[in-house]
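# Structure at a glance
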Amino acid sequence: MYVFNGKFNWLDYAENENITVVVPVGFALNDPICAYWQWTDDGEGNKKVNKSQVGVISSVANSVDGYHIGFTFENYYRFDATFSDDRSSLTFTISSPEGNLSDPFTLPLQYGDASSIPSTSVYTGKLNWLTYAYDEMVTLVVPSGVFDGAPVGLYHQWTVSKEGDAKRNHSVNSTFRAVTVGNNGDVTGTFDDGYYTFEVTIPDGGQGAHIYMSKSSGENTSVSLTQADFRGLGTKKALIIRFGTGTDNGIFLVREMLTRHLGFATVDVELCYFDANGQSGPKQCTQGQDPPTAGHFKEKFQHLLSSASAGDVRFLCVDVHGTTYPDGDLQQDDEDRGWVFADDGDWARKSVVYDDWISDTIRNNLKPGVNLTILSSSCIGGGVLGATSATPGVILAGCHETQFNVKGLTVSGSTLDPWMHAMTLVIDNRVRRKRGVPSYSVLFNEAKRYIVRQLAAGDLSPEYKGPSPDETEPIPYHRQTETSNQDPQLSFYSGYIDPDSERFLFPFTMASGGRAGGDTTRYPRDEL
């Protein structure tokens, strides 16, 4: 990710104003990009109005004079930018539909690293400091979270610097220290520029921030900021649902993966689960969440799909048991498969949502060009993606449909599904090693290798038997001993996605991406 900061002008609205451009992932087509500035005058008589813009890269080109990208904000402001060969600066122009064109402006690089994981958070507010800053926009950039040694950037301009210079930029590129986590989940960290000290507190959930700015002589001020990064695009939404598999924290690890590292806003990730699920006593939802009933799943899943447009990402995480029944429709496999949820009228009873309904709902509601990814602890076979009709979507399942998912990993007293846990660990490891979001096939195979290492280390329970000797010939669940091999499955139609090139939970980059067609494909069977 990269942060550039400098000065720009735009007609009569911006005169020598501070601007920060954040590239949170990379420079590929459809990657997010953000810009932050304030208007000198917004044209309606309002002075120093903050402007936070988020969008996606809509054009890319590589030539002898540099790497060029284009992006548009509010369907109005067109930015055409060129990066220097070493990425040490960004030169851009702004244009409008009326034909207005700015002079080129060059912004020097403030921070850059090799990570292309969308972990960056950006917060904006207003700074007032003695006689030097009055109602000035301040932008706080947190590239990878708040922890000791983590990078942080803060960018603003002085109204008049102590040297008497008007609108002098002040850029602080530092690292956090003395990081603490409160009992309520709030995170506090400190950084400085050698003169000013900044104590930042980010509440649990990360949708705002607070800065306490001070210097050694005792002067201080407080600044409240709101989150204003690419998560506000609302193009990534998720539904996570758990029923009948325990009350572990696996689904919360998945939510954390989405919101911390994959660009989902907290408000765009919905969870349905029972948090009190004992064998004796009633099932409960004590955190205000909806119960994981079949009716709720159908309603929310249909809305998740129908609300998406081309270029959006939709994610479904299902931590439930699968089941198989004779197929009343006499399809090719002569079986109906489904996921088991709570009954709408009686939470103590169970209700099945069949694969026919799921595949029909996907085909009837999902628009072409949408990335639909399903992560499941159990597999209900290719029927979810249509046994007889091509259905858009890609499924990452923890086991074959003839097998039974076993939560065989214990971490800090919580018994987890090794498959979902491996998925989150692969992404976490890539963040720590500053590597990019993996493609679907790379994620699939790295997660499998991680589980094999856990098996070799004896970290998994005896009931979790790991992969079959031949993954293309899965060994079914052994009912008498209640043990099961686990052969993860990656299923999709070949015309919908290229799993070797498309990144996990990113908008499709290939022109044909997101359109169902081609052959039914399943890894590892069709991979080996």
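So, here is what we can say about the structure in this document. Residue numbers here run from 1 along each chain, matching the order of that chain's written sequence. Under the rules for a predicted model, residues below a pLDDT of 70 receive no local features and side-chain atom pairs below 80 are neither given nor counted, while totals for whole chains, interfaces and linings still include all residues. Heavy atoms from the whole structure form the basis of all side-chain values; hydrogens and water molecules are not counted.

### Thoughts on the overall build of the protein chain
Just so we agree on the cut-off: Helix and strand assignments follow DSSP, with helices taken as H or I runs no shorter than four residues and strands as E runs no shorter than two, numbered in order from the N terminus. As defined in this context, the radius of gyration uses C-alpha atoms, and a globule is described by 2.2 Å times the residue total to the power 0.38. For every residue, the accessible area (1.4 Å probe, protein chains only) is compared with the maximum for its type, and the residue is labelled buried under 20%, exposed over 50%, or partly exposed between those bounds. For accessible areas, the Shrake-Rupley method is used with a probe of radius 1.4 Å. Any residue's cover is judged against the shown protein chains and nothing else. Two residue types count as positive, namely Lys and Arg, and two as negative, namely Asp and Glu; His and chain ends fall outside the count. For the purpose of locating charges, the reference atoms are NZ of Lys, CZ of Arg, CG of Asp and CD of Glu.
Each helix and strand in the protein chain was counted, giving five helices and 30 strands. For the protein chain, the C-alpha radius of gyration of 25 Å lies close to 24 Å, the compact-globule estimate for 528 residues. Along the first, second and third principal axes, the C-alpha atoms of the protein chain reach 80 × 50 × 45 Å. Every one of the 528 residues in the protein chain was classed for burial, and the buried ones make up 53%. When the accessible surface of the protein chain is summed, it comes to about 21800 Å², and 47% of that surface belongs to carbon and sulfur atoms. The protein chain carries 42 positive and 65 negative side-chain charges, and their two centres are separated by 3 Å.

### Examining the side chain of Asn485
Quick note on the threshold: Pairs of N or O atoms within 3.5 Å make up the polar contacts considered here, provided that, within protein, one atom can donate a hydrogen while the other can accept it, and that residues adjacent in sequence are counted only when both atoms are side-chain atoms. Note on definitions: a residue-residue contact is assigned when non-hydrogen atoms from the two residues lie within 4.5 Å.
Inspection of the secondary structure assignment puts Asn485 in the loop between helix 5 (440–456) and strand 29 (489–493). At a separation of 3.2 Å, a polar atom in the side chain of Asn485 contacts the main-chain carbonyl oxygen of Gly466. In this structure the side chain of Asn485 is engaged in a polar contact, spanning 3.5 Å, whose partner is the backbone oxygen of Pro467. Ignoring anything within four residues of it in the chain, the contact list for Asn485 reads Gln403, Lys465, Gly466, Pro467, Ser468 and Ile475.

### Here's the deal with the pattern of salt bridges
The criterion, for reference: Think of a salt bridge as a Lys or Arg side-chain nitrogen and an Asp or Glu carboxyl oxygen that are within 4 Å of each other.
Counting across every chain of the model gives 22 salt bridges. The salt bridge partner of Lys47 is Asp41, with a shortest N-O separation of 2.7 Å. Under the relative-accessibility criterion, Asp41 is labelled buried at 17%. Its salt-bridge partner being Arg314, residue Asp312 comes within 4.0 Å of it at the nearest N-O pair. The exposure class assigned to Asp312 is buried, which follows from its relative accessible area of 11%. Overlapping salt bridges bring together Glu163, Asp165 and Arg168 as one network.

### Description of the sheet that holds strand 14 (residues 177–181)
Going by this rule: When DSSP finds at least two bridges between two strands, those strands are taken to pair. The axes used here are C-alpha line fits, helices contributing only the stretch in contact, and every angle between their N-to-C directions lies in the interval 0 to 180 degrees.
Spatial ordering of the open sheet is given by 13-12-11-10-18-17-16-15-14, a layout of nine strands whose pairing is antiparallel. Each edge of the sheet is formed by a strand with only one pairing partner; in this case those strands are strand 13 (166–175) and strand 14. Between one strand axis and the next, the sheet turns through 20° on average, direction left out of account. Pairing between strand 14 and strand 15 (residues 187–192): three bridges, direction antiparallel. Bridge pairing in strand 15 links Thr180 to Thr188.

### Regarding the nonpolar core
For clarity, the cut-off: Residues grouped as a nonpolar core are buried Ala, Val, Leu, Ile, Met, Phe, Trp, Tyr and Cys residues, joined through side-chain atoms within 4.5 Å.
Leu258, Phe315, Trp339, Leu396 and Phe504 are the most contacted members of the largest nonpolar core, which totals 78 residues. Per-element accounting of this core gives the leading share, eight residues, to helix 4 (residues 418–432). If we ignore the near neighbours within four places in the chain, the residues touching Leu396 are Thr373, Ile374, Leu375, Ser376, Trp419, Met423, Tyr440, Leu443, Phe444, Gln489, Leu490 and Phe504. The next biggest cluster of nonpolar side chains, apart from the first, holds 27 residues, and it includes Tyr2, Tyr77, Ala81 and Phe83.

### A short note on the pairing of strand 26 (residues 394–397)
Across the two faces of strand 26 the burial is the same, with Val394 and Leu396 and Ile395 and Ala397 all buried. Judged from the four bridges that link them, strand 26 and strand 29 form a sheet pairing that is antiparallel. Looking at the pairing, Val394 lines up with Phe492 of strand 29.

### Focus: the packing of aromatic side chains
Given two aromatic rings, one states the distance between the centres and the angle between the planes to describe the pair. So the rule is basically this: In summary, the pairing rule links any two rings of Phe, Tyr or Trp, Trp by its six-membered ring, whose centres are within 6.5 Å, and it sorts them by plane angle into stacked for under 30 degrees, edge-to-face for over 60 and tilted for everything else. In our convention, an over-ring charge means Lys NZ or Arg CZ found within 6 Å of a ring centre and within 35 degrees of that ring's normal.
The final tally for this structure, using the stated rule, is 38 aromatic pairs. Aromatic side chains Phe8 and Trp37 sit 5.6 Å apart centroid to centroid with 65° between the ring planes, which places their arrangement in the edge-to-face category. Of this pair, Phe8 sits in strand 1 (residues 2–10) while Trp37 sits in strand 3 (residues 32–41), placing them 29 residues apart in sequence. In this structure an aromatic cluster arises from ring pairing among Phe8, Trp10, Tyr13, Trp37, Trp39, Phe71, Phe73, Tyr76, Tyr77, Phe79, Phe92 and Phe105. One cation-aromatic arrangement involves Arg87 over Phe27; the distance from NZ or CZ to the ring centre is 4.8 Å.

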